[in-house]
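Observations on the three-dimensional arrangement
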2 protein chains.
Amino acid sequence: MLEGLSNIVGQSNVLTGSAAQPYLVDWRGRYRGKAQAVVRPGNVEEVAAVVRYCVLNNVPVVTVGGNTGLCGGATPDDSGRAVVLSTARLNKIRSIDTDNDTITVEAGCILQSVQDAAREAGRLFPLSLAAEGSCTIGGNLATNAGGTQVLRYGNTRELTLGLEVVTAEGEIWNGLRGLRKDNTGYDLRDLFVGSEGTLGIITAATLKLYPLPVAQRTAMLAFASLEDSVTFLSRARQGFGAALTGFEVMAGSVLQAVVRLFTDQRIPFENESANSPWFALLELSDSESAEHAQARFEHVLGQAIEDGLLLDAAIAQSVAQSKAFWHLRESIPLAEAELGKSVKHDVSIPISQIAEFVAVTNKALQAEFPGVHNVVFGHLGDGNLHYNVAPGAGQTEGEILSLQSQIYQLVHDSVASFNGSISAEHGIGQLKVNELPRYKSELELKLMRQIKQALDPKGLLNPGKVVNV
Amino acid sequence: MLEGLSNIVGQSNVLTGSAAQPYLVDWRGRYRGKAQAVVRPGNVEEVAAVVRYCVLNNVPVVTVGGNTGLCGGATPDDSGRAVVLSTARLNKIRSIDTDNDTITVEAGCILQSVQDAAREAGRLFPLSLAAEGSCTIGGNLATNAGGTQVLRYGNTRELTLGLEVVTAEGEIWNGLRGLRKDNTGYDLRDLFVGSEGTLGIITAATLKLYPLPVAQRTAMLAFASLEDSVTFLSRARQGFGAALTGFEVMAGSVLQAVVRLFTDQRIPFENESANSPWFALLELSDSESAEHAQARFEHVLGQAIEDGLLLDAAIAQSVAQSKAFWHLRESIPLAEAELGKSVKHDVSIPISQIAEFVAVTNKALQAEFPGVHNVVFGHLGDGNLHYNVAPGAGQTEGEILSLQSQIYQLVHDSVASFNGSISAEHGIGQLKVNELPRYKSELELKLMRQIKQALDPKGLLNPGKVVNV
């Protein structure tokens, strides 16, 4: 195998032994696998040649980008049969077309470098998430990544116009179209997006660009209840229209934990509002001016305070303050990590039912596992909650983790009863592949298997992920 | 067959003879077919039972909604084997959730009734197209319809969150999720959207709603060239952001023909601007106030006039005037029809290359077919042109139509050379099914056939449409 692979990508791009190790474990250290080698092709033809060579030898191919996934989707199993294909060298920005508002990039480009290239051309590429400094756009595409701007711009899927894909047979599909409208047959693009490397290997994409906002305003909002924040969100959508680009909700207890732990941070209220049970971070992106953004902000927020819907609002008065607000939000996962392991869920619920979901699920958890601590935050604008369960007072990390599968089941069953999703933005990978049959209909799983069978009949692309065949 | 079908849907919902005739011809009278019967199931269970019964008897099923398609996608072939399945009785608005901003509707709902239901709930369902008074949302979904608001809200695909589908085996897939984020497996939804009834029968959908605009402003813009209109569009996207909801371009000669024919209409300029070579209809949807919309309008348009990019702008001063501007645009197809048949194309091109495409293609047409008249208009904001070729002075309709296949080929070859699409928003149907292999790669056609084979192995769903198997 190694010689054949070296002939394709060059010996220095076939890694084994310790050089291969970083590719065989996911970044959280939850999954470890083995592989014959890690190959780093330098262009799409080499990717295709690697796949053809692997098919010839009946060897599975596991594609990895920035290795920042949360579901083990890029880690091979421990059979040692697989070849891991790293997209690291597919890192060219191929072209930018500002009149067409598109950018064409290779799969191995770091998300931040795509954002930067767009910005240099005076445009916004709006996909934004915590791992943006190390995740690749190929991984974002493979998992249909979400992030903080979905409310306005959609998931990675909605930002994608065209793809270049290497198929399971090692053929190259050039679907790199920069068209807003194209109704010439089945939507192959969206089949590959979100398929986590199990139907084909995405090697490049043509993505949508947007105008850069002229001004942004950020506010921290204090609410008496989650219900109020949902009602306010609906008003904010009406009042701000498409200028509303972020709406992140956080339980008060979660923010309290952040500021207890990171003492250089603070909840930006002097008064008792700092002890509110719920907060939201609101971001407005204005296409006119800072003054206009400020005026709109004050109008909508002022009305909501007057109506008693909003307890209080702190409007960031500088870029530094705005960053500090976002930093609070971004510190939640760090604070969680400091506080010890928890059982994490990445769920979505129809927005109208989120408050009820949280109330019902909190109650069921307390009944079943008294004393556990709920860490609830997320992208309320998309109905996406990170609903995590941590040890309460007197409980240990070990106790919680020993209950992991029961907690998963309780929370996911509750999600299902609200017609929600057990994976809003992180994908299935290997983490949830055995959970899926509990929540998808037999029919949907059958359709998925039929498609897998049609496009990868030998089952060599990222086996054991997304759907069991 | 008839008795079996009557047992499922009731005798009065099995049409034959003259009652079936309207379903056997497309509205333009271009395609005529035959069928054993037309059935009108009243709910999804009946749809599923009809499909199962047809599968049992090896009978093709052709689904029809409002029968307003332009590519013959809903007309059966003339073998007389098929059963036509009308969605007319699947016409319930199942639910509206204003906090989740979603509406769930059955496939047979007329598009306008979906718009109306949303509006009554204080929301916007933005899909809008000429046939909205008679087309069904099921047909919009099956063809991924576009229309005039795509620039801001996307095609039907982007407006769709969930589907209910009857599969080729007559099973019911309940994928009616109202979630903005759901990454739990392959994107079946987008595979059915745009598949023109060849992979499954869409019976209901959960669709996105948006806030109603507080104010709208319309302007007719006069340009010296198509290039200038593209440059201005880019500025308008920057200046208006998401408030830019419409940008329709029209060749001056096309508008001149409209006002010559419909003498109650006029191009809204008193001066020589009325003779400009290009016009655009611009629509701004504001989330604040009429005054704000007006001020933004004047700012962006004023700057463009100052810079010489825009020759002139007529801003509608009343709803009636705004309607009159839109009426001009909407009268183009009617004027075309009055002037006799032409060879029509529904193409898209990267926006940055539209002006060159038109120049190159116009020139090639004149070289090959001297004297023909180009009727060019379309949704510039989406890169979508209706590029039609009509008889010039001294030419007859018959002469042009006798050249139809050569003209198609010249225009579509030109589209392909610009990496464009030969069907931007009308689909493939039977009109372009034999054109497709000239413009799609072998590989893409193979992937499409593999998917068709996987989901409809007997080939009974709308055979002869989209892709030949």
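Residues numbered from 1 in each chain as written. Chains lettered and ligands numbered in written order. Predicted model: local features only at pLDDT ≥ 70, side-chain atom pairs only at ≥ 80, totals over all residues. Heavy atoms only, no water.

The name an unreviewed UniProt entry gives chain A is FAD-binding oxidoreductase, with Orrella daihaiensis as the organism. The Sequence similarities (unreviewed entry) field of the UniProt record for chain A holds the comment "Belongs to the FAD-binding oxidoreductase/transferase type 4 family." (UniProt positions renumbered as here; feature names shortened; annotations may be inferred.)

**Observations regarding the overall build of chain A**
Across its full length, chain A carries 16 helices and 18 strands. Against the 2.2 N^0.38 benchmark of 23 Å for 469 residues, chain A shows a C-alpha radius of gyration of 23 Å, consistent with a compact globule. Considering only C-alpha atoms, chain A reaches an extent of 70 × 55 × 45 Å along its principal axes. Within chain A, counting contacts between residues at least 6 apart in sequence, those at least 24 apart form 72% of the total. As presented, chain A carries roughly 16900 Å² of accessible surface, and 49% of it is formed by carbon and sulfur atoms. Of note, chain A has its 38 positive side-chain charges centred 5 Å away from the centre of its 50 negative side-chain charges. (Helix = DSSP H or I, 4+ residues; strand = E, 2+ residues; numbered from the N terminus. Rg over C-alpha atoms; globule rule 2.2 N^0.38 Å. Contact = heavy atoms within 4.5 Å. Areas by Shrake-Rupley, 256 points an atom, 1.4 Å probe, with all protein chains shown as cover. Lys, Arg positive; Asp, Glu negative; His and termini not counted. Charge placed at Lys NZ, Arg CZ, Asp CG, Glu CD.)

**Notes on helix α14 (residues 404-417) of chain A**
Between the first and last C-alpha of α14(A) there are 20 Å, a value that for 14 residues agrees with the 20 Å anticipated at 1.5 Å per step. Listed as buried for α14(A) are A:Gln404, A:Ile407, A:Tyr408, A:Leu410, A:Val411, A:His412, A:Ser414 and A:Val415. (Expected span 1.5 Å × (residues − 1). Buried < 20%, exposed > 50% of the residue type's maximum accessible area, 1.4 Å probe, protein only.)

**Section: the domain arrangement of chain A**
By domain assignment, chain A separates into domain 1 (93-211), domain 2 (215-338) and domain 3 (346-417). Taking only C-alpha atoms, the centre of domain 1 of chain A and the centre of domain 3 of chain A are 32 Å apart. (Domains from an automatic or database assignment.)

**A look at the packing of aromatic side chains**
Applying the stated criterion to the full structure yields 16 aromatic pairs over all chains. Measuring from ring centre to ring centre gives 5.7 Å for A:Phe223 and A:Phe232, while their planes differ by 55°; the resulting arrangement is tilted. Judged on exposure class, the residue A:Phe223 and its partner A:Phe232 are both buried. Ring geometry for B:Phe269 against B:Phe279: centres 6.1 Å apart, planes inclined by 25°, an arrangement best described as stacked. One end of the pair, B:Phe269, is in the loop between α9 (252-261) and β14 (278-286); the other, B:Phe279, is in strand β14, with ten residues separating them in the sequence. Since its relative accessible area comes to 8%, B:Phe269 is described here as buried. (Phe/Tyr/Trp six-rings, centres within 6.5 Å; stacked < 30°, edge-to-face > 60°.)

**Some thoughts on the pattern of salt bridges**
The tally for this structure, following the rule as stated, stands at 46 salt bridges over all chains. Between A:Arg94 and A:Glu164 there is a salt bridge, and its shortest N-O distance comes to 3.0 Å. Of this pair, A:Arg94 sits in strand β5 (residues 93-97) while A:Glu164 sits in strand β8 (residues 160-167), and the two are 70 residues apart along the sequence. For A:Arg94, a relative accessible area of 35% translates into the label partly exposed. A salt bridge links B:Lys181 to A:Glu425; its shortest N-O distance comes to 2.9 Å. Linking B:Lys181 in the loop between β9 (172-175) and α7 (188-192) with A:Glu425 in the loop between α14 and α15 (436-439), this pair reaches from one chain into another. Across the pair, exposure class does not vary: B:Lys181 and A:Glu425 are buried alike. One network of salt bridges, with partners in common, ties together A:Arg157, A:Asp187, A:Arg189, A:Asp190, B:Arg157, B:Asp187, B:Arg189 and B:Asp190. (Salt bridge = Lys/Arg side-chain N within 4 Å of Asp/Glu carboxyl O.)

**Notes on the state of the cysteines**
In total, this model carries zero disulfides over all chains according to the counting rule given. B:Cys135 provides the cysteine sulfur closest to B:Cys71, a residue in no disulfide bond, and the two sulfurs are 14 Å apart. (Disulfide = S-S within 2.5 Å.)

**Observations concerning the environment of B:Tyr23**
Residues and elements named next belong to chain B. One can find Tyr23 in the loop between α2 (17-20) and β2 (37-39). The class for Tyr23 is buried, based on a relative accessible area of 17%. Between the alpha carbons of Tyr23 and Asp307 there is a distance of 54 Å; along the sequence they are 284 residues apart. Here Tyr23 is in contact with Leu15, Val38, Arg40, Val64, Ala74, Pro76, Val84 and Ser86, once residues within four sequence places are set aside.

**Observations concerning the packing of helix α8 (residues 226-240) of chain A against helix α10 (residues 290-306) of chain A**
All names here are of chain A. At a minimum axis separation of 11 Å, α8 and α10 run at an interaxial angle of 145°. As for how α8 packs across α10, the hand of that crossing is right-handed. Facing Phe232, Arg235, Gly239 and Phe240 of α8, the residues of α10 in contact are Arg296, Phe297, Val300, Leu301, Gln303 and Ala304. Of the residues assigned to the contact of α8 with α10, the class counts are six nonpolar, two polar and two charged. (Axes fitted to C-alpha atoms, helices over the stretch in contact; angles between N-to-C directions. Left-handed = near helix turned anticlockwise from the far one by under 90°. Nonpolar A, V, L, I, M, F, W, Y, C, P; charged D, E, K, R; others polar.)

**A short note on the relation of the copies chain B and chain A**
When chain B is fitted to chain A, the best match, at an RMSD of 0.0 Å, comes from turning it 180° and sliding it 0.0 Å along the axis. Taken together, these values place the two copies in the relation of a two-fold axis. When the interface residues of chain B are mapped onto chain A, 100% of them are again interface residues, pointing to one common binding face. (Least-squares fit on C-alpha atoms with pLDDT ≥ 70 in both.)

**Let's talk about the interface of chain B and chain A**
In this complex, chain B contributes 87 residues to the contact, which on the side of chain A involves 88 residues. Overall, the association of chain B and chain A removes approximately 7000 Å² of surface from exposure, summing both partners, and the carbon and sulfur fraction of that is 51%. Area buried by chain B at its contact with chain A is led by B:Lys181, B:Asn183 and B:Tyr186, which between them contribute 15% of it. Where chain B touches chain A, the interface holds 16 salt bridges. Across the pair B:Lys181 and A:Asp382 runs a salt bridge whose closest N-O atoms are separated by 3.2 Å. Looking at the side of chain B that touches chain A, the elements with two or more residues in it are α6 (150-153), β9, α7, α8 (226-240), α10 (290-306) and α16 (442-455) of chain B. When residues of the side of chain B that touches chain A are assigned to their parent elements, the largest contribution, ten residues, is made by α16(B). When the residues that make up the side of chain B that touches chain A are grouped by side-chain class, the tally is 30 nonpolar, 33 polar and 24 charged. (Buried area = accessible area lost by both parts, 1.4 Å probe.)

**Quick notes on unusual backbone geometry**
Residues and elements named next belong to chain B. Even without being glycine, Asn58 reaches a positive phi, approximately 55°. With respect to the helices and strands, Asn58 occurs in the loop between α3 (44-56) and β3 (61-64). Note on Asn58: relative accessible area 43%, which makes it partly exposed.

**Quick word on the side chain of B:Asp382**
Within the secondary structure, B:Asp382 sits in the loop between β17 (373-379) and β18 (384-390). Residue B:Asp382 is classed as buried on the basis of its relative accessible area, which comes to 3%. Every residue in contact with B:Asp382, bar those within four places of it in the chain, is listed here: A:Arg180, A:Lys181, B:Gly147, B:Val150, B:Leu151 and B:Ile351.

**Describing the nonpolar core**
If you look at the biggest cluster of nonpolar residues, it comprises 238 residues, and the most contacted ones within it are A:Phe232 and B:Phe232. Other than its neighbours up to four places away in sequence, A:Phe232 contacts A:Leu221, A:Phe223, A:Phe247, A:Leu282, A:Val300, A:Leu301, A:Ala304, A:Leu309 and A:Leu310. (Core = buried A, V, L, I, M, F, W, Y, C linked by side-chain atoms within 4.5 Å.)

**Considerations on the UniProt feature "domain: FAD-binding PCMH-type" (unreviewed entry) in chain A**
Look at the UniProt record and you will see "domain: FAD-binding PCMH-type" (unreviewed entry) annotated at residues 31-212 of chain A. Its end C-alpha atoms 39 Å apart, residues 31-212 of chain A is made of 21% helix and 25% strand.

**Comments concerning the sheet that holds strand β3 (residues 61-64) of chain A**
Residues and elements named next belong to chain A. Read from one edge to the other, the open sheet built from four strands follows the order β1-β2-β4-β3, with strand pairing classed as mixed. For this open sheet the edge positions go to β1 (14-15) and β3, each flanked by a neighbour on one side alone. Relative to strand β4 (residues 83-86), strand β2 (residues 37-39) runs parallel, the two being bridged by three bridges. Note on β4: the bridge partner recorded for Val38 is Val84. (Pairing = 2+ DSSP bridges.)

**As for the environment of A:Ala274**
All names here are of chain A. With respect to the helices and strands, the residue Ala274 is situated in the loop between α9 (252-261) and β14 (278-286). Distance from Ala274 to Ala222, taken between C-alpha atoms, is 7.8 Å for residues 52 residues apart in sequence. With residues up to four places along the chain from it excluded, the contact list for Ala274 reads Gln256, Ile267, Phe269 and Phe279.

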